Amino acid sequence: MKTILFNAMGSKILIALDTDEQAVMAEGPRIQQLFEEWEQALSRFRISSELSELNRHPGVPKEMSRVFGEVMRAADHASEISGGLVTPTILNALINVGYENDFDVLLERHGKDFEQALLAPNGTETVDVDWKTNTVTLPFGTQLDFGGVAKGWAAHNAMQLLREIAPVLVDAGGDIAVSGNMRDGSNWPIGVSNPFDADNNLALLMVPGGGVATSGKDYHRWVFDGEMQHHIIDPRNMLPAHTDILTATVLAANLLDAEAYAKTAVILGSDAGKKWLDELSAVGYLLVLENGTMIRNDIFVKTEWNTQCQTN
Amino acid sequence: MEKNTPRKKKKFVPTAFKFMLAAGSLAGTVGVWNILARQEFTQANAQNLNLPGTFVSTDPLPTVASLIVVGPSVASNQSSTPAVAAIRDVTVTTVQQTAAPQSGSGISLPPPSSAPAPVTNTQTSKKP
């Protein structure tokens, strides 16, 4: 197996190719360059990015690049399957609660406890996308943050590009896209990190393909205005979601869906989130609550290594 | 009485041969330097390939032969320190599970010792 490691989009990127061919080494720099181009289009932390340019010009139709258009479609899709709970129109809400810069920069500058006095509107209007002219217009008071959608799209896209070469797994900061079984027909072993203990895993999944994503409030947390804040915004009130779920891990047919489902579950909380996930077909989930309780469905259990051993 | 005639200088080696020797020596020196320079460049890259996030300078060493600069060119001046791709062979092995089971928190027991080592982990965020 060959692995390619680099940093992009504020995360560690790992690409694992199940092959002995040395020729895949040439793919490392090529994929890294692609990630760089995607980040330059999609990052809200880069002042010269296409996204930042759009955010600075509400009310003005902007032509979208191919990459930007694809991620807008992915964001639309995430919004549709989540009933509007996963939306990119939450940037002002994030800024309102202090998340106005890259998280590492915030920590370095302020520590985990910092105060800010910012005034940003919370627009909730629908973003106007005209697919015929390939343009997007932001309403006043709204800014976009693609967040996990951009990272999920990037991992999914990289996986699609590399799957012709060999069975491949692409991990973009914990969101994982898998092309299919490994060469010998076995599944990919993927650990599920324990949010209470980073050195240990909660479970070992044997994933045949599709996407695995974890969303939660265990990492991006800070104190603002005397209250604990996190980065998962509930668009119903444009505040950090009031939820008892610490992390939600979801297995789905593809990474984009898995990411949207996981975030939706976190926003909804354990009761409503579990009911909502149970109505989906072919989706496995593990919810870790703040009190340490774990809730998982049958599909998740059947994907775990222990279960597969017993059934084989 | 000896005649004081001008002595002709003896030529042991023809001039053409001297030229050949000089040219050969120069070519050898340049060639060896070039090989050494390439080796140093390759080794420097190889060391850095295992250090994600480390900036690698790919300026060629002084040599008469042009070097091929590898790696992506980072076009944006907005980017932070460019990360460097690391490519390596890995084998999925079986590892000894050493984690103690957590009780009372509802957290599941760790997989037994014969479980394959995960290729990677899913989690909320993985920072560089």
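A brief look at the structure comes next. (Residues numbered from 1 in each chain as written. Chains lettered and ligands numbered in written order. Predicted model: local features only at pLDDT ≥ 70, side-chain atom pairs only at ≥ 80, totals over all residues.)

1. Notes on the packing of helix α3 (residues 66-81) of chain A against helix α6 (residues 148-162) of chain A
Residues and elements named next belong to chain A. The contact between α3 and α6 brings their axes to 10 Å, and the two run at 115°. Like other packed secondary-structure pairs, α3 and α6 cross with a definite hand, here right-handed. Where α3 abuts α6, its residues E70, V71, A74, A75 and A78 lie against V149, A150 and W153. Across the contact of α3 with α6, the residue classes break down as seven nonpolar, no polar and one charged. (Axes fitted to C-alpha atoms, helices over the stretch in contact; angles between N-to-C directions. Helix = DSSP H or I, 4+ residues; strand = E, 2+ residues; numbered from the N terminus. Left-handed = near helix turned anticlockwise from the far one by under 90°. Contact = placed C-beta atoms within 7 Å. Nonpolar A, V, L, I, M, F, W, Y, C, P; charged D, E, K, R; others polar.)

2. Notes on the packing of helix α7 (residues 255-268) of chain A against helix α8 (residues 270-278) of chain A
Residues and elements named next belong to chain A. Contact pair α7 / α8: the axes reach a minimum separation of 6 Å and the direction vectors enclose 145°. The handedness of the crossing between α7 and α8 comes out as right-handed. Here α7 contributes Y261, T264, A265 and L268 to the contact with α8, which in turn contributes A272, G273, W276 and L277. Class assignment for the residues of the contact of α7 with α8 results in six nonpolar, two polar and no charged.

3. A closer look at the sheet that holds strand β3 (residues 62-63) of chain A
All names here are of chain A. Taken together, three strands build an open sheet; the order of strands is β3-β5-β4 and the sheet is antiparallel. Looking at the sheet topology across the chains shown, the edges are occupied by β3 and β4 (128-130). Here β3 runs beside strand β5 (residues 135-137); their pairing, made up of two bridges, is antiparallel. The partner of K62 across the bridge, within β5, is V136. (Pairing = 2+ DSSP bridges.)

4. Points about the sheet that holds strand β2 (residues 120-122) of chain B
Across the sheet, which stays open at both edges, the three strands sit in the order β9(A)-β8(A)-β2(B) with mixed pairing between neighbours. In this open sheet, the two edge strands, each paired with only one partner strand, are β9 (197-207) of chain A together with β2 of chain B. Put simply, the sheet's adjacent strands are angled 40° from each other on average, direction ignored.

5. Looking at the pairing of strand β8 (residues 188-194) of chain A
Each regular strand carries side chains that alternate between the two faces of the sheet. Across the seven residues of β8 of chain A, seven count as buried, placing the element largely inside the fold. Between β8 of chain A and β9 of chain A, which pair antiparallel and follow one another directly, the connecting turn spans two residues. The pairing of β8 of chain A with β2 of chain B spans three bridges and is parallel. Following the sheet pairing, G191 of chain A is matched in β2 of chain B by N121 of chain B. (Buried ≥ 20, exposed ≤ 12 C-beta atoms within 10 Å, placed from the backbone.)

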